[in-house]
Amino acid sequence: SPAELDVVRPVPTRHDRETGRDPMRVKIFDTTLRDGEQSPGCTMTAEEKLQVAKQLAKLGVDVIEAGFPIASTGDFDAVRRIAESVGNMENPPIICGLARALRKDIETCWNAVKYAAFPRIHTFIATSDIHMLHKLKKSREEVLGITREMVTYARSLCEDVEFSAEDALRSDPAFLYQVYSVAVEAGATTLNVPDTVGYTTPSEFKALIRGLRAHVKGVEGVTISVHGHDDLGMAVANFMAAIEGGARQVECTINGIGERAGNAALEEIVMALHVRKSFYNPRFGRAPEDEMALTNIQTTEIWKTSRLVSTLTGMVIQPNKAIVGANAFAHESGIHQDGILKNKSTYEIMDAESIGLAKNGLVLGKHSGRHAFRSRLTELGYEALSDAELNKAFVRFKEVADKKKEITNLDLESIVNEEMRLE
Ligand code: KIV
Ligand code: ZN
């Protein structure tokens with residue numbers, strides 16, 4: 001039906017205008033350094049968070065959620081350092097911090113993010129009956145009052161305020177529309193809809209986004225965002241449906257790291273929008289054959305970013321993980337290899353090169369010299385390594401090559417990331 005193709009035309013933000021971003025694209029909000037880092041075993045030092053933030057900026061994310069400043073002085077410092085450096089580079093991303101709907105959280109968050117050229121405060125309160133009854137011990141009226149007061153306070157500090165209704169997908173939709181209407185009236189510029197416990201389905205998510213667009217007062221002037229966890233393995237599918245329903249910001253993490261089963265994986269959403277451009281273009285009011293990208297992501301930076309996050313967090317990527325798993329572009333069976341040799345499109349829907357995974361027959365081993373080593377690293381995107389960094393990595397490469405017959409690109413990336421981490 002024509003309603004399936006209703007097109008959302010977001011109002012350009014100051015960030016869009018001043019960094020030349022097309023407001024029609026889906027904004028990529030990366031929360032690797034907040035929701036991702038929050039998961040067991042993924043803690044990073046301030047130095048490591050800064051290293052990831054620099055790579056996320058290179059990847060082209062629109063927003064970096066750098067941490068939860070009230071959580072610890074370490075996290076406050078990490079968010080502040082990211083705001084000061086990455087938040088002031090050329091065409092910087094928005095630097096965001098998380099805050100509960102509490103005055104001290106919001107104030108602390110602002111004191112960490114305010115150094116960025118484009119700071120954002122992200123404040124949240126739970127709206128499901130389950131959370132309000134058992135966790136907050138607050139009535140609906142009280143939650144509405146806190147939303148109004150805290151969004152107003154956040155907005156008095158910062159022009160860019162995101163409001164999340166925690167556990168939105170298990171909340172009563174009529175109450176949710178009321179809460180979001182109050183948030184918009186109080187000055188929220190982004191309304192985030194979190195599937196906090198990974199409970200929803202694609203059709204439910206799409207219907208709820210449509211519901212917001214129909215019932216929230218002032219919704220046409222703000223960005224609708226989605227946030228989701230992967231408890232039932234549907235986080236990415238849910239986001240794609242939400243985009244069809246009119247969501248124009250997605251909150252995701254590299255390699256899908258995050259609480260419990262993780263968050264929606266950035267690389268999967270971005271590549272789905274990229275590979276299925278002709279399917280999604282009409283939903284953005286474009287012709288199916290339009291070649292313009294639907295996100296601002298430099299897809300060729302995906303592989304490098306994925307390896308960096310895996311090395312720094314110690315979270316191993318399963319070999320069959322979509323897009324960034326070691327086997328994602330490997331063809332083993334005879335029938336598949338035969339097809340690929342005849343025509344790549346038989347079994348490949350995207351090029352390994354499109355995510356920055358160099359395909360190169362040249363095998364590096366213990367006899368390889370510094371020149372071959374440097375040129376492979378350049379192909380992998382490590383062209384900015386200093387001579388000292390290269391020398392250190394080369395020594396380590398020789399040690400590993402003595403023990404292994406072949407050094408893969410994956411080994412090389414681990415070596416370089418490990419050396420950079422030890423700096
Ligand atoms: O999962 C969640 O609800 C969150 C919110 C704080 C956005 O992470
Ligand atoms: Zn979350």
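Residues numbered from 1 in each chain as written. Chains lettered and ligands numbered in written order. Predicted model: local features only at pLDDT ≥ 70, side-chain atom pairs only at ≥ 80, totals over all residues.

Within an unreviewed UniProt entry, the label attached to the chain reads 2-isopropylmalate synthase, and the organism entered is Nannochloropsis salina CCMP1776. According to its UniProt record, the chain has this under Pathway (unreviewed entry): "Amino-acid biosynthesis; L-leucine biosynthesis; L-leucine from 3-methyl-2-oxobutanoate: step 1/4." UniProt lists a comment for the chain under the heading Sequence similarities (unreviewed entry), and it reads "Belongs to the alpha-IPM synthase/homocitrate synthase family. LeuA type 1 subfamily." (UniProt positions renumbered as here; feature names shortened; annotations may be inferred.)

**So, the packing of helix H3 (residues 46–59) against helix H4 (residues 73–84)**
The geometry of a pair of packed helices is captured by two quantities: the angle between their axes and the separation between those axes. The geometry of H3 relative to H4 is characterised by a closest axis approach of 9 Å and an angle of 35° between their N-to-C directions. Between H3 and H4 lies a crossing of right-handed hand. On the side of H3, the interface is formed by Ala46, Lys49, Leu50 and Ala53, while H4 contributes Gly74, Asp77, Ala78, Arg81 and Ile82. Of the residues assigned to the contact of H3 with H4, the class counts are five nonpolar, one polar and three charged. (Axes fitted to C-alpha atoms, helices over the stretch in contact; angles between N-to-C directions. Helix = DSSP H or I, 4+ residues; strand = E, 2+ residues; numbered from the N terminus. Left-handed = near helix turned anticlockwise from the far one by under 90°. Contact = placed C-beta atoms within 7 Å. Nonpolar A, V, L, I, M, F, W, Y, C, P; charged D, E, K, R; others polar.)

**A closer look at the environment of Pro173**
Tracing the chain through its elements places Pro173 in helix H8 (residues 173–186). Since 14 C-beta atoms lie within 10 Å of it, Pro173 is described here as partly exposed. Taking the C-alpha atoms as reference points, Pro173 and Val151, 22 residues apart in sequence, are found 20 Å from one another. Beyond its immediate stretch of four places on either side in the chain, Pro173 contacts Leu208 and Gly211. (Buried ≥ 20, exposed ≤ 12 C-beta atoms within 10 Å, placed from the backbone.)

**Things to note about the sheet that holds strand S4 (residues 119–126)**
Spatially, S1-S2-S3-S4-S5-S6-S7-S8 is the arrangement adopted by the eight strands of the closed barrel, whose pairing is parallel. Within the sheet, the average angular offset between the axes of one strand and its neighbour, ignoring direction, is 25°. Pairing analysis gives four bridges linking strand S2 (residues 63–67) to strand S3 (residues 94–100), with the strands arranged parallel. Each residue of the ladder has a partner; that of Val63, found in S3, is Ile94. (Pairing = 2+ DSSP bridges.)

**A closer look at the site of ligand 1**
The local shell around ligand 1 consists of Asp35, Phe124, Ser164, Glu166, Asn192, Pro194, Thr196, His227 and His229. Secondary structure elements with two or more residues in the shell around ligand 1: strand S5 (161–166) and strand S6 (190–195). Class assignment of the residues belonging to the shell around ligand 1 gives a composition of two nonpolar, five polar and two charged. (Near = placed C-beta within 6 Å.)

**Some words on the UniProt feature "domain: Pyruvate carboxyltransferase" (unreviewed entry) in the chain**
What UniProt calls "domain: Pyruvate carboxyltransferase" (unreviewed entry) maps, in this numbering, to residues 26–288. A helix fraction of 46% and a strand fraction of 17% characterise residues 26–288, whose end C-alpha atoms lie 17 Å from each other.

**A look at the packing of helix H9 (residues 202–215) against helix H10 (residues 235–245)**
Contact geometry of H9 with H10 gives a least axis separation of 8 Å together with a crossing angle of 30°. In terms of their interaxial angle, H9 and H10 are classed as roughly parallel. With respect to the hand of their crossing, H9 and H10 are arranged in right-handed fashion. Judged by residue contacts, Pro202, Ser203, Phe205, Lys206, Ile209 and Arg210 of H9 engage Ala237, Asn238, Ala241, Ala242, Glu244 and Gly245 from H10. Looking at side-chain class alone, the contact of H9 with H10 contains six nonpolar, three polar and three charged residues. (Parallel < 35°, antiparallel > 145°, perpendicular 65-115°, else oblique.)

**Brief notes about the nonpolar core**
Counting 102 residues, the largest nonpolar core has Ile64, Ile95, Leu191, Phe239, Val250 and Ile269 as the members making the most contacts within it. Looking at this core, the element that brings in the most residues is H10, giving seven residues. Leave out the neighbours within four places in its chain, and Leu191 touches Phe163, Tyr180, Ala183, Val184, Leu212, Val222, Ile224 and Ser225. In terms of nonpolar packing, the next biggest core, distinct from the first, is built from eight residues, Phe373, Ala393, Ile415 and Val416 among them. (Core = buried A, V, L, I, M, F, W, Y, C linked by C-beta atoms within 7 Å.)

**Observations regarding the environment of Pro69**
Note on placement: Pro69 falls in the loop between S2 and H4. By the C-beta count within 10 Å, which is 28 here, Pro69 ends up buried. C-alpha separation for the pair Pro69 and Gly97, spaced 28 residues apart in sequence, amounts to 6.6 Å.

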